[in-house]
Amino acid sequence: MEGTQGKGVVLAETKKAAESVINAFKSLNANILVQEFIKEADGKDLRLFVVDGKVVASMQREAAPGEFRANIHMGGTASVIKPTSEEKKMAIKAAKAMDLKVAGVDIIRSAKGPLLLEVNSSPGLEGIEGATHKDIAGEMIKAIEKNFKSKLK
């Protein structure tokens, strides 16, 4: 719901631990979102960068040893991957559902197929540009120019 770079994300490995964590956050009047832990994801997730209805770059992030969060700012590493057509469709649909022209869509691969983790309305460029060596900022500018020109007509 809010936050960045994996901060505030907690893994509760038992029901008792989950209850304790939830109660602690509730006592701070913090917003809480509970998600199922997908063990087979093995500390990996995908970030698909959507610009103007098209996936322009994608990477896999892998958590540092002993960590479950794959965020680059938490010590995770990034590598280029080729997303499946199902993953691409999911990312585009998620960005569209949130009415976003630019989005970083996080997906994990599970035994049930790809699962949507979150849609970032203000995704960072450093990790994805570093991993893919693509000019994502340039793609964003092209999309803005295209949309601006079409509004002038």
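Right, let's walk through the structure included here. Bear in mind that the values here come from a model prediction, so they are computed numbers and not experimental data. (Residues numbered from 1 in each chain as written. Predicted model: local features only at pLDDT ≥ 70, side-chain atom pairs only at ≥ 80, totals over all residues. Heavy atoms only, no water.)

## Description of the overall build of the chain
To be explicit about the condition: Numbering of helices and strands runs from the N terminus, with a helix taken as a DSSP run of H or I at least four residues long and a strand as a DSSP run of E at least two residues long. Relative accessibility decides the category of a residue: with a 1.4 Å probe and only protein chains considered, values under 20% of the type maximum give buried, values over 50% give exposed, and everything between is partly exposed. Residues count as neighbours in contact if any of their non-hydrogen atoms are within 4.5 Å of one another. Surface exposure here means Shrake-Rupley accessible area, sampled with a 1.4 Å probe, where a residue is shielded only by the protein chains that are shown. Neither His nor the chain termini are counted; the positive set is Lys and Arg, and the negative set is Asp and Glu. In this description, the location of a charge corresponds to atom NZ of lysine, CZ of arginine, CG of aspartate or CD of glutamate.
When helices and strands are counted, the chain shows four helices and five strands. Counting from the amino terminus, the chain carries its helices and strands in the arrangement α-β-β-β-α-β-β-α-α. Summarising its shape, the C-alpha atoms of the chain cover approximately 60 × 30 × 30 Å along the three principal directions. Across the 153 residues that make up the chain, the buried fraction comes to 31%. Pairs at least 24 residues apart make up 53% of the contacts formed inside the chain by residues separated by at least 6 positions. Carbon and sulfur atoms provide 54% of the accessible area of the chain, an area that totals close to 10300 Å². Charged side chains of the chain number 24 positive and 20 negative; the gap between the two group centres comes to 6 Å.

## Things to note about unusual backbone geometry
Of note, Asp52 is a non-glycine position whose phi angle comes to about 55°, a positive value. Relative to the assigned elements, Asp52 resides in the loop between strand E1 (44-51) and strand E2 (54-62). Given a relative accessible area of 23%, Asp52 falls into the partly exposed group. Not every positive phi belongs to a glycine, and His133 is a case in point at roughly 60°. With respect to the helices and strands, the residue His133 is situated in the loop between helix H3 (126-132) and helix H4 (136-152). The class of His133 is exposed, set by a relative accessible area of 72%.

## Focus on the nonpolar core
Just so we agree on the cut-off: Side-chain atoms within 4.5 Å are what join buried Ala, Val, Leu, Ile, Met, Phe, Trp, Tyr and Cys residues into a set we call a nonpolar core.
Core analysis: the biggest nonpolar cluster contains eleven residues, these being Leu46, Leu48, Val50, Val55, Ile81, Ala91, Ala94, Ala95, Ala103, Val105 and Ile107. At the level of elements, E1, helix H2 (85-97) and strand E4 (102-110) are the ones that each hand at least two residues to this core. In terms of nonpolar packing, the next biggest core, distinct from the first, is built from nine residues, Ala57, Met59, Ile136 and Ala143 among them.

## Digging into H4
We apply this condition: Helix span is expected to be 1.5 Å times the residue number reduced by one. Working note: the arc is built from the helix axis to C-beta atom directions.
An ideal rise of 1.5 Å per residue puts 24 Å on 17 residues; H4 measures up with 25 Å between its terminal C-alpha atoms. Buried within H4 we find Ile136, Gly138 and Ala143. What you see down the axis of H4 is that its buried residues fit within an arc of 155°, all on one side. Of the exposed residues in H4, those oriented more than 90 degrees away from the buried face are Ile144, Phe148, Lys149 and Leu152. Elements that come into contact with the buried residues of H4 comprise E1, E2 and H3.

## Things to note about the pattern of salt bridges
Cut-off, in case you're wondering: Think of a salt bridge as a Lys or Arg side-chain nitrogen and an Asp or Glu carboxyl oxygen that are within 4 Å of each other.
All chains considered together, the criterion is met by seven salt bridges. One salt bridge connects Arg47 with Asp106, and the closest N-O pair in it is separated by 2.4 Å. Separated by 59 residues along the polypeptide, Arg47 in strand E1 and Asp106 in strand E4 bring together distant segments of the chain. The class of Arg47 is buried, set by a relative accessible area of 9%. Here the salt bridges do not stand alone but share partners, grouping Asp45, Arg47, Arg61 and Asp106 into one network.

## With respect to the side chain of Glu87
You can see Glu87 is positioned in helix H2. If sequence neighbours within four positions are ignored, Glu87 has contacts with Leu46, Leu48, Ile107, Arg109 and Pro114.

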